[in-house]
Amino acid sequence: INEKITQMKKLQGIKEIDADEVRAGEIARVFGLSKSSVGDVFGSPLGIPKAADIALPLMTTQAFPKVKEDFMKMVEAFLELEEEDPLLNVEWVKDKNELHLQIMGTIQLEILESILKSRFGIEVFFGKPSVIYKETPTSKGIGFERYTMPKPCWAVVKFEIKPMPRGSGLVYESKVRTEKIKQRYQNEIQEQLPITLKQGLYGWEVVDLKVTLIDGEDHVIHSNPGDFHIATAMGIMNGLENTGTTLLEPIISFRICVPEEIGGKVLNDIMSMRGNFHNTEVSKGTFTVEGEMPVASSLDYPVKLGITSHGKGVMTTKFAGYSPIPLEFGKKRERVGVNPLDRAKYILYVRNAIS
């Protein structure tokens, strides 16, 4: 990426001064960048330390302006903040006039509320946060779509979908020669995959799967740019309907230290939250336990622990990954846009025949 920096300001104490150059170890603000984002490296990447792991957002919430007329100002403010912190994953649902964002914890909401007021002059409040679930294919299966009507269009795709080990993300492979599907159309397929997989059968992102394009065809006359975007969305959702999906919930590992006399109460709390524990220890009147528990059932537990232990309890947590759960323990998410499984309506929607 070629960018032109129009101005640089170096920090000197609490002041900013104009600078012509910035050396290693110095902090500065640069102006004029339009294509770059957080995490980009300017110059040679050699010698740059490995970036620290950043906690993933595990909750989602909806933002509201206290003054209804400030809604668009709020949207613009959050979109600007997302450029600085892409993990916010701001989602503006225009047809419902809703703004959703992803957060790491409730304290972050207080910080965002303060930033919106001091920096943008907007007072906001948030809905009750809910956990971000994910989905993964339950079994191996085939997805197929033959999008040849109503003309002009022609895109045929056949996918093999299979589950992968936890943490694999999305793996894609094409076994179809460019004589059957031209490379530019195969590029459309690959572009559409992560977009479609943002919403699975239950409305959550589908992860830990391998998608293989095993067959398909274009047409020298009837195929048009965009046809394979549409066919891929319908073919993938057809495949997920055939494989089924399993809901995944975020899990945290924990370490809790409390006075010995309430150790038994803490173990009961852990079990009631669908957690499990190990490495229990009693030393000098302090009971220590380690284990794992779901985020969904433990959101308010630090506060409860503080009350139960009269402020003497200490709880530290760390994200431990996603784990399968029955649907009744989780939550479906309302889909944004038309579901490609509603084939006729989806085709009309993407062709702008309906809104």
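For the structure, check the block above.
Residues numbered from 1 in each chain as written. Predicted model: local features only at pLDDT ≥ 70, side-chain atom pairs only at ≥ 80, totals over all residues. Heavy atoms only, no water.

1. Describing a nonpolar patch on the surface
On the surface, a cluster of nonpolar side chains totalling about 220 Å² of accessible area is made up of Ile142, Phe144 and Ile214. In this fold, Ile214 is placed in strand β13 (residues 209-217). Assessed through its relative accessible area of 31%, Ile214 is described here as partly exposed. (Patch = residues over 30% accessible without salt bridge, like charges linked within 9 Å, V, L, I, M, F, W, Y side chains within 5 Å. Areas by Shrake-Rupley, 256 points an atom, 1.4 Å probe, with all protein chains shown as cover. Salt bridge = Lys/Arg side-chain N within 4 Å of Asp/Glu carboxyl O. Helix = DSSP H or I, 4+ residues; strand = E, 2+ residues; numbered from the N terminus. Buried < 20%, exposed > 50% of the residue type's maximum accessible area, 1.4 Å probe, protein only.)

2. Comments concerning the packing of aromatic side chains
Inspection of the entire model under this criterion finds five aromatic pairs. Residues Phe64 and Phe125 carry aromatic rings whose centres are separated by 5.2 Å and whose planes lie at 20 degrees to one another, so their mutual orientation is stacked. Here Phe125 lies in strand β7 (residues 124-126) and Phe64 lies in strand β4 (residues 59-65), a separation of 61 residues in the sequence. You can call Phe64 partly exposed: its relative accessible area is 28%. For Phe125, a relative accessible area of 41% puts it in the partly exposed group. On the numbers, 6.4 Å between centres and 75 degrees between planes, the contact of Phe78 with Phe126 is edge-to-face. Note that Phe78 is positioned in helix α1 (residues 71-84) and Phe126 in strand β7, a separation of 48 residues in sequence. Under the relative-accessibility criterion, Phe78 is labelled buried at 0%. Residue placement shows Arg184 over the ring face of Tyr185; its charged tip is 4.8 Å from the ring centre. In this structure, Arg274 packs its charged tip against the face of Phe329, placed 4.9 Å from the ring centre. (Phe/Tyr/Trp six-rings, centres within 6.5 Å; stacked < 30°, edge-to-face > 60°. Lys NZ or Arg CZ within 6 Å of the ring centre and 35° of its normal.)

Function-wise, these values are silent; they only describe arrangement.
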